[in-house]
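# Tertiary structure, described
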Amino acid sequence: MFSLHDLPLARVPLLGGPTAIEPLGPDGAWVKREDLSGTRYGGNKVRKLEWLLGEALESGLDVLTLGTVGSNHLVATAVYGQAVGVRVQAVVAPQPDTPTARRNARILHAHAERIWVARTAAELPFTLARAWGSTRLFGGYPPAVFPIGGSSVLGCLGWVGGGLEIAAQVAAGELPAPDRIYVALGSGGTAAGLWLGLRLGGLASEVVAVRAAPSWLASPFRVRRLAGNTLALLRRHGAPAVGLDRLRIVDGQYGPGYARSTAAAEEASARAEAVGLTLESTYTSKAYAAMLAEPTGTRLFVHTANSRPLEPLLATALDEVPPSLAGLLRRA
Ligand SMILES: Cc1ncc(COP(=O)(O)O)c(C=O)c1O
């Protein structure tokens, strides 16, 4: 089976080994416990950061990245950046006020080197340019820019690893080959890398990417482009040609807007709790709801949110969201 081990690219180990796959009862549903990846903050960002931070570390660059003020990508990047000695600056935009967003904003504030505020989503590119330019103007090195959600070709490599890992777990008899694999879709890197990794690992499971972000970001076009570009990179390093087929984007769980819950997501969250999984309302409860709506065959749910305890990360955080960021948490 193709392996990422021989790739001549820098990688910093953050995962701590393969994440477990567990049955969710007797009816053919399984979960990939990505929520317990890493040691500090779990979820789907850890695999991406092994490659993204690996490159930043190797080149000695600071990192500049962007997202909404409660973004898991920003939290994970700031936390793991601090852990491995890479300074992280974040450009933040408004989002609906949720308990997860409040907590994430506090953790981000405690771990980022500097935070730049964009008062509207439209201001985001200008604030990013200002942050980048101010480093350059005063004689600094250009920082490495990680895109929204860490979804670049490098970030996708992390989830190629995730797809290969699932294929290896199937080959080892840990679970039957899934008919469908459900994953939340935001900036696309997780679904794209997973899809490609499964095919490189010889698994033909349908990838069901459940849209949880606006369609300008979470689009089939973007997932296909990311997967295609990542495959092109890997082909230069010995990967076989594989067909990219059986990707389905589910639009129907998104609801009224980003980070806004739905009745189906709330019900999914309650049913997940009953089998020992804690979901959040923006991404994972929508992906789980999509799986519950199709209760046949062997299904695998990829749990992409963090389930690691947050006390250690909150220990150095302020008790409340700092005033500079509080105005970005808008009432839904
Ligand atoms: C918990 C969670 N699940 C899924 C996603 C979607 O991942 P991606 O942006 O790679 O599509 C995100 C993105 O922020 C996330 O925070």
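Up top is the structure.
Because the structure is predicted, anything quoted here is derived from the model rather than measured.

Criteria and thresholds
Residues numbered from 1 in each chain as written. Predicted model: local features only at pLDDT ≥ 70, side-chain atom pairs only at ≥ 80, totals over all residues. Heavy atoms only, no water. Helix = DSSP H or I, 4+ residues; strand = E, 2+ residues; numbered from the N terminus. Rg over C-alpha atoms; globule rule 2.2 N^0.38 Å. Areas by Shrake-Rupley, 256 points an atom, 1.4 Å probe, with all protein chains shown as cover. Lys, Arg positive; Asp, Glu negative; His and termini not counted. Charge placed at Lys NZ, Arg CZ, Asp CG, Glu CD. Pairing = 2+ DSSP bridges. Axes fitted to C-alpha atoms, helices over the stretch in contact; angles between N-to-C directions. Contact = heavy atoms within 4.5 Å.

### Description of the overall build of the protein
Check the secondary structure of the protein and you find 11 helices and 12 strands. Here the C-alpha atoms of the protein give a radius of gyration of 19 Å, agreeing with the 20 Å that 2.2 N^0.38 yields for 332 residues. Overall, the C-alpha framework of the protein stretches about 55 × 45 × 35 Å when taken along its three principal axes. Summed over its atoms, the accessible surface of the protein is roughly 13,500 Å², and 55% of this surface lies on carbon and sulfur atoms. Of note, the protein has its 32 positive side-chain charges centred 6 Å away from the centre of its 26 negative side-chain charges.

### Notes on the sheet that holds strand E8 (residues 180–185)
Taken in spatial order, the 6 strands of this open sheet run E1-E2-E11-E8-E9-E10, and their pairing is mixed. What marks the edges here is a single partner per strand, and that holds for strand E1 (21–23) and strand E10 (247–250). Along the sheet, successive strands turn relative to each other by an average axial angle of 25°, direction set aside. Note: E8 against strand E9 (residues 206–211), 6 bridges, orientation parallel. Of the residues in E9, the one forming a bridge with Arg180 is Glu206. Most of the contacts of helix H5 (residues 153–171) go to strand E2 (residues 29–32), to which it runs at about 135°, and overall it touches E1, E2, E8 and strand E11 (299–302).

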